[in-house]
Amino acid sequence: MTPDGSGFLQVGRRGAADLAFHLTDPGFRSGSGWSYRRGMSSPETTPRAAGSTASTGSTGPEPAGAGHERVTRPVGGDGFRSSWAQLDGPVHVVDFGGPADGPLLLCVHGLGGSYLNWLPLAPLLTTTHRVMAVDLAGHGRTPAAGRRTDVVANQGLLDRFLAEVLDTAPILVGNSMGGMISVMQAARRPDSVAGLILVDPALPRPRGVRPDPEIARIFAGLFVPRLGAAVLARRRTRFTPRELVDQSLLRLTADPSAIPETALASMERAQRERGGLPDADQAFVGAARSVVWSLLRPAPLAHMVRTVPQPTLLLHGSADRLIPVAVARNVAAQRPDWRVEILDGLGHVPMLEAAELTAELMADWLSREGRAAAERARRPASPVLPTLAPLPAVGS
């Protein structure tokens, strides 16, 4: 997921035809600012180079109107509540619950992901924190609706959501592309973000670290005109949602058999919902291209990483094939004030692979280095309720 200019785009159509998956994105701190978990050996040397509606089995979302309803009926029996914000089109919002005055964590999914990527993790945090998630444009249940789906546009959408919908600056919890967007938001609008928790974020690679060859071929295919979306659409006709999930797990995780059935079910549901979203494939391709370009031209993003002011926790799987673990080690060298945890034997989606460990590390950081951020993210005693519309009935 972090290609460079030395050959990535030289892959021909044969490599592009390998476009074969959807990203469902979806001992503690040492003195050096980063540590290892689950029995990993001693650290390696840190590199020095520095307008439509959602098609969900209903007629689509109603415009925001009467009342200020934060949440509506639970969806799918999972214990969370869904609603819509109206920001030049519907934006799907999930409230997983938690204390009304607890610190607010807002989860931002990765490329091709949705609110469902957070299902295993969220209930482990709601005892002490309010946990919400938002579907970015062209992802989950949020249609593009005439809006762009690249990272800059979705960072703008997130900015509006924070300013116009929420009543406090949250701690952003971002995975992969969502981590990239969270860093952009924190750097560009620091007052809107209390803190950052980055989970295998898509950030610049240090020099000399090559991308995984298969992952590079896959992303190269997205740059062949009209090919990427066509391949994605064709694969949905050839494979069931569960088969697509199984194939993606080979790239997203270190040990697919370790994924609990509840997480598999949420990923399968994400595949189904994605298939019902208008222009989902075009939205995915547009977002993916923008992620790649942001990493091919890393100077602006690298500057944001060096200067973002918020307290930050970075979790990264040692076996991540999409974003090499060298990215996290490079960040740790640049930001000794950040807490960086390398998760031994995990891949790109620790919140799905090891939800309990992920929640444990988050909770510890929130009570220690991130305590000031957590206090800032507490909702006011008399919150101003945002304008959200009821979610229409959702098909199975």
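Within each chain, residues carry numbers counting from 1 in the order of the written sequence. Reporting of local features is limited, given that this is a predicted model, to residues whose pLDDT is at least 70; pairs of side-chain atoms are given and counted only at 80 or more, and all residues count toward the totals for whole chains, interfaces and linings. As a rule here, side-chain values come from all non-hydrogen atoms in the structure, and water together with hydrogens is ignored.

(A) Structural detail: the pattern of salt bridges. Each salt bridge in this description consists of a side-chain nitrogen of Lys or Arg and a carboxyl oxygen of Asp or Glu lying within 4 Å of one another. By the definition in use, this model includes 16 salt bridges. Arg160 is paired through a salt bridge with Asp88; the nearest N and O atoms lie 2.7 Å apart. Of this pair, Arg160 sits in helix 2 (residues 151-164) while Asp88 sits in the loop between strand 2 (81-86) and strand 3 (90-97), and the two are 72 residues apart along the sequence. Measuring nitrogen to oxygen at the nearest pair gives 2.7 Å for the salt bridge that ties Arg148 to Asp150. Here Arg148 falls in the exposed class, since its relative accessible area comes to 54%. Secondary structure elements follow DSSP: runs of H or I of four or more residues count as helices, runs of E of two or more count as strands, with numbering from the N terminus. Each residue is assigned to one of three classes by its accessible area relative to the maximum for its type, calculated with a 1.4 Å probe on protein chains only: buried under 20%, partly exposed between the two thresholds, exposed over 50%.

(B) Broad picture of the side chain of Arg141. Note that Arg141 resides in the loop between strand 5 (130-134) and helix 2. For Arg141, a relative accessible area of 2% translates into the label buried. Polar contacts, as used here, are pairs of N or O atoms within 3.5 Å; protein pairs need one atom able to donate a hydrogen and one able to accept it. Residues neighboring in sequence count only if both atoms are side-chain atoms. Reaching out from Arg141, the side chain makes a polar contact with the side chain of Tyr115 at a distance of 3.0 Å.

(C) Layout of the packing of helix 2 against helix 3 (residues 177-188). One way to put it is that helix 2 packs onto helix 3 with a least axis distance of 9 Å and a crossing angle of 60°. In terms of axis orientation, helix 2 runs oblique to helix 3. For the pair helix 2 and helix 3, the sense of crossing is right-handed. Within the contact between the two elements, helix 2 uses Val151, Val152, Asn154, Gln155, Leu158, Asp159 and Leu162 and helix 3 uses Met177, Met180, Ile181, Met184, Gln185 and Arg188. Residue polarity is assigned by list, with Asp, Glu, Lys and Arg as charged and Ala, Val, Leu, Ile, Met, Phe, Trp, Tyr, Cys and Pro as nonpolar; anything else, Gly included, falls into the polar class. The residue inventory of the contact of helix 2 with helix 3, partitioned by class, reads 8 nonpolar, 3 polar and 2 charged. For helices, the fitted axis covers only the stretch in contact; all axes are lines through C-alpha atoms, and the angles between them, taken along N-to-C directions, range from 0 to 180 degrees. Oblique is the label for any angle not covered by the other classes, which are roughly parallel (under 35 degrees), roughly antiparallel (over 145) and roughly perpendicular (65 to 115). Helix crossings get a hand from a simple test, with the near helix turned counterclockwise from the far one by less than a right angle marking a left-handed crossing and a clockwise turn marking a right-handed one. Residues are treated as being in contact if the distance between any of their heavy atoms lies within 4.5 Å.

(D) Geometry of the nonpolar core. Counting 98 residues, the largest nonpolar core has Phe96, Leu106, Phe161, Ile171, Ile197 and Met362 as its most contacted members. Among all residues touching Leu106, those that are not within four sequence positions of it are Met132, Ala133, Val134, Leu158, Phe161, Leu162, Leu166, Pro170, Ile171, Leu172 and Val173. Here, the term nonpolar core denotes a set of buried Ala, Val, Leu, Ile, Met, Phe, Trp, Tyr and Cys residues that are joined through side-chain atoms within 4.5 Å.

(E) View of unusual backbone geometry. Backbone geometry places Asp88, a non-glycine residue, at a positive phi of 55°. Unlike most non-glycine residues, Ser176 shows phi in positive territory, near 55°. Here Ser176 is to be found in the loop between strand 6 (171-175) and helix 3. The class of Ser176 is buried, set by a relative accessible area of 0%.

(F) Structural view of the environment of Leu166. Residue placement: Leu166 occurs in the loop between helix 2 and strand 6. With a relative accessible area of 8%, Leu166 lands in the buried category. Expressed as a C-alpha distance, the spacing of Leu166 and Arg379, which sit 213 residues apart in the sequence, is 9.3 Å. Once you skip the residues sitting within four places of it in the chain, Leu166 turns out to touch Leu104, Leu106, Met132 and Phe161.

(G) Fine view of the packing of helix 6 (residues 241-252) against helix 7 (residues 261-275). Contact geometry for helix 6 and helix 7: axes closest at 9 Å, N-to-C directions at 115°. If you check the angle between helix 6 and helix 7, you find them roughly perpendicular. Seen along the crossing, helix 6 lies across helix 7 with a hand that is right-handed. Only Glu261, Leu264, Met267, Glu268, Gln271 and Arg272 of helix 7 make contact with helix 6, whose side of the interface consists of Pro241, Arg242, Leu244, Val245, Ser248, Leu249 and Leu252. Along the lines of polarity and charge, the residues of the contact of helix 6 with helix 7 split into 7 nonpolar, 2 polar and 4 charged.

(H) Just helix 2, in detail. With 14 residues, helix 2 should reach 20 Å at 1.5 Å per residue; the first-to-last C-alpha distance of 20 Å fits that figure. Taken together, the buried positions of helix 2 are Val151, Asn154, Gln155, Leu157, Leu158, Asp159, Phe161 and Leu162. For helix 2, the capping residue at the N-terminal end is Asp150, with a side-chain oxygen 3.1 Å from the backbone nitrogen of Val152. By this rule the span expected of a helix is its residue count minus one, scaled by 1.5 Å.

(I) Quick peek at the environment of Ser290. Relative to the helices and strands, Ser290 is located in helix 8 (residues 280-296). Taking relative accessible area as the criterion, Ser290 reaches 12% and is therefore assigned buried. Along the backbone, Ser290 and Ala153 are 137 residues apart, and their C-alpha atoms lie at a distance of 9.9 Å. In this structure Ser290 touches Asp150 and Val151, once residues within four positions along its chain are discounted. Polar contacts involving the side chain of Ser290 include one to the main-chain carbonyl oxygen of Ala287, which spans 2.7 Å.

(J) Looking closely at the confidence of the model for the protein. Put simply, the protein has an average pLDDT of 77, and 72% of its residues get 70 or more. Each residue carries a pLDDT score, the predictor's own confidence in it, on a scale running from 0 to 100. Counted against residues more than four places away or in other chains, residues 1-77, with its pLDDT under 50, gives 240 contacts. Below a pLDDT of 50 lies the segment residues 391-396, which in the model reaches 21 contacts outside its immediate sequence neighbourhood of four places, other chains included.

(K) Region of the structure containing the packing of aromatic side chains. Centres within 6.5 Å are what make two rings of Phe, Tyr or Trp a pair, Trp counting through its six-membered ring; a difference in plane orientation under 30 degrees is then read as stacked, over 60 as edge-to-face, and the rest as tilted. Considering all chains together, one arrives at 2 aromatic pairs under this definition. Summarising the aromatic geometry, the rings of Phe80 and Phe96 are spaced 5.7 Å apart at their centres and angled 65° between planes, so their arrangement reads as edge-to-face. With Phe80 in the loop between strand 1 (34-37) and strand 2 and Phe96 in strand 3, the pair connects residues that are 16 residues apart, well separated along the chain. Of the two residues, Phe80 and Phe96, neither departs from the other in class, the shared state being buried.

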